[in-house]
Amino acid sequence: MKQRFKEGITPKSFIALLSVLTILFGIGAIFFFDFLILPLASFFALLLWFAPKSKLLCASISLALIAVSFLGGVRGVFSVCAGLCCGLILGFMYRARLNKTDTVLAMTAFFVVYLLLALFLSVAGITKEYSINSVTDYLGTFLESQKVALIDLLSDFYVTDENGVRIYLFSRQDSEEMLLNVARLSVSYLVVAAFALCGLVCKIFSRMVAYAEHDDAYIRAWRFLPSRITAYFYILLVVLSFLTGSGESVFGGSVQNLLVIFMAVFAYIGVRHLIFVAAQAKRRGYSLLVIGFLLILLNVSAVQILSFLGTYVTIISNRVSKE
């Protein structure tokens, strides 16, 4: 597909800029912060999109970054390869005109694998043994020691009443139960973190495409929108969560993990819808301030309310688009 740039943007200069940014963020991911693989992935995907005929350029940049990454050891090679692979997935799926929901699903799965491998390599770097058994043994010992320390810390929290009597906020049993619940939901937290990382990569990519491309109608319509079946499935999970309780069984634990994942997804859609509504208001800044204040005030309940809003928006949007 032939690219057409907006007036004032020189194609060669813009592609050169994308190349430089890809290299800089790649070097930054090698020697400074792993977090920089996110902009690396975005700008590499942009380079693939805006320079489809410059295969030699893209290949040269990739090989050069991989060669330099060996100076950063195993972590450097892993970071650069992860960023380039993520950018390749995004660039390929966008060029194939796949919808954003499928793209986000694929990239989220990629980031789940990335986070697990990053954890494995981090622990293996400490133990100097690159085997699953040594890593799991180390993690088990480490988590057990941290569990004891956290229980001691939480059970020491107290407030003093008017008579000077200490009232402890959490008993040791309460503290242990809280940590156990966190452990049960570790899978969902991992997926939600991967979803957030995917969102940041897609956000950078979308903004740059909308900025540079002459016909930005497609990128502006390229929205993350799950199907109505997914929305109904989330409603089912909400009902099942009441029936299964805290999730001590395998089925209950699975329901709770899925509930957290889908709650985060639909809460994002709810926040996006509120921002859209606020942007249409005359006093945009005031509206955003009120929304932010309400989210902070409601705390955890806000996430649940936003997820229900996102579910409603998803169902209605799919119905309208189908009609």
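Residues numbered from 1 in each chain as written. Predicted model: local features only at pLDDT ≥ 70, side-chain atom pairs only at ≥ 80, totals over all residues. Heavy atoms only, no water.

Let us now look at the overall build of the protein chain. The helix and strand tally for the protein chain stands at 13 helices and 2 strands. If you take every contact in the protein chain between residues at least 6 apart in sequence, the share linking residues at least 24 apart comes to 69%. (Helix = DSSP H or I, 4+ residues; strand = E, 2+ residues; numbered from the N terminus. Contact = heavy atoms within 4.5 Å.)

With that settled, the discussion passes to the environment of Tyr130. Note that Tyr130 resides in the loop between helix 5 (100-127) and helix 6 (132-155). Residues Tyr130 and Phe120, spaced 10 residues apart in sequence, show a C-alpha to C-alpha distance of 8.2 Å. Here Tyr130 is in contact with Val74, Phe120, Leu121, Ala124 and Gly125, once residues within four sequence places are set aside.

We now examine unusual backbone geometry. Positioned with a positive phi, Arg97 is a non-glycine residue whose angle comes to about 60°. Since its relative accessible area comes to 34%, Arg97 is described here as partly exposed. (Buried < 20%, exposed > 50% of the residue type's maximum accessible area, 1.4 Å probe, protein only.)

Now for helix 1 (residues 11-31). A rise of 1.5 Å per residue sets the reference length of helix 1, with its 21 residues, at 30 Å; its end C-alpha atoms lie 30 Å apart and thus fit the reference within 8%. By the burial criterion, the buried members of helix 1 are Phe14, Ile15, Leu18, Ser19, Thr22, Gly26, Gly28, Ala29 and Ile30. (Expected span 1.5 Å × (residues − 1).)

Below, the discussion takes up a nonpolar patch on the surface. On the surface, Ile23, Ile27, Phe31, Phe32, Phe33, Phe35, Val68, Leu71 and Leu200 cluster together into a nonpolar patch covering about 900 Å² of accessible area. Per-element tally for the nonpolar patch: the top contributor is helix 1, with 3 residues. Here Phe31 is to be found in helix 1. Under the relative-accessibility criterion, Phe31 is labelled partly exposed at 39%. (Patch = residues over 30% accessible without salt bridge, like charges linked within 9 Å, V, L, I, M, F, W, Y side chains within 5 Å. Areas by Shrake-Rupley, 256 points an atom, 1.4 Å probe, with all protein chains shown as cover. Salt bridge = Lys/Arg side-chain N within 4 Å of Asp/Glu carboxyl O.)

Right, let's talk about helix 4 (residues 73-95) for a bit. With 23 residues, helix 4 should cover 33 Å at 1.5 Å per step; its first-to-last C-alpha distance of 33 Å lies within 8% of that length. Arg97, located one to two residues past helix 4, shows a positive phi value of around 60°.

Attention now goes to the pattern of salt bridges. All told, the structure shown has 1 salt bridge when counted by the stated rule. Its salt-bridge partner being Asp34, residue Arg75 comes within 2.2 Å of it at the nearest N-O pair. With a gap of 41 residues between them, Arg75 in helix 4 and Asp34 in the loop between helix 1 and helix 2 (37-50) connect regions that are remote in the sequence.

Tallying each qualifying case throughout the model produces 16 aromatic pairs. Relative to Tyr94, the ring of Trp49 lies with its centre 4.9 Å away and its plane at 85°, an arrangement referred to as edge-to-face. Of this pair, Trp49 sits in helix 2 while Tyr94 sits in helix 4, and the two are 45 residues apart along the sequence. Each member of the pair Trp49 and Tyr94 is classed as buried. Relative to Tyr114, the ring of Phe111 lies with its centre 6.2 Å away and its plane at 85°, an arrangement referred to as edge-to-face. Separated by 3 residues within a single helix, Phe111 and Tyr114 lie in helix 5, roughly one turn from each other. Each member of the pair, Phe111 as well as Tyr114, carries the same accessibility label: buried. An aromatic cluster is present here, built from Trp49, Tyr94, Phe205, Tyr218 and Trp222 joined pairwise through their rings. When the ring centre of Tyr94 is taken as reference, the NZ or CZ atom of Arg97 above it lies at 5.4 Å. Just above the ring of Tyr218 sits the side chain of Arg97; from NZ or CZ to the centre is 3.8 Å. (Phe/Tyr/Trp six-rings, centres within 6.5 Å; stacked < 30°, edge-to-face > 60°. Lys NZ or Arg CZ within 6 Å of the ring centre and 35° of its normal.)

The next subject is the confidence of the model for the protein chain. Interpreting fine coordinate detail is not advised for predicted regions of low pLDDT. Of the residues in the protein chain, 79% have a pLDDT of 70 or more, and the chain-wide mean is 81. Here helix 12 (residues 284-298) stands out as the least confident element of the protein chain, with mean pLDDT 55; helix 2 is the most confident, with 92. (pLDDT = per-residue confidence, 0-100.)

Our next topic: the environment of Ser122. Within the element layout of this structure, Ser122 appears in helix 5. On the basis of relative accessibility, which here comes to 46%, the residue Ser122 falls in the partly exposed class. It is 9.9 Å that separates the C-alpha atoms of Ser122 and Val74, two residues lying 48 residues apart in sequence. Reaching out from Ser122, the side chain makes a polar contact with the backbone oxygen of Ala118 at a distance of 2.8 Å. (Polar contact = N/O pair within 3.5 Å; in protein donor to acceptor, adjacent residues only side chain to side chain.)

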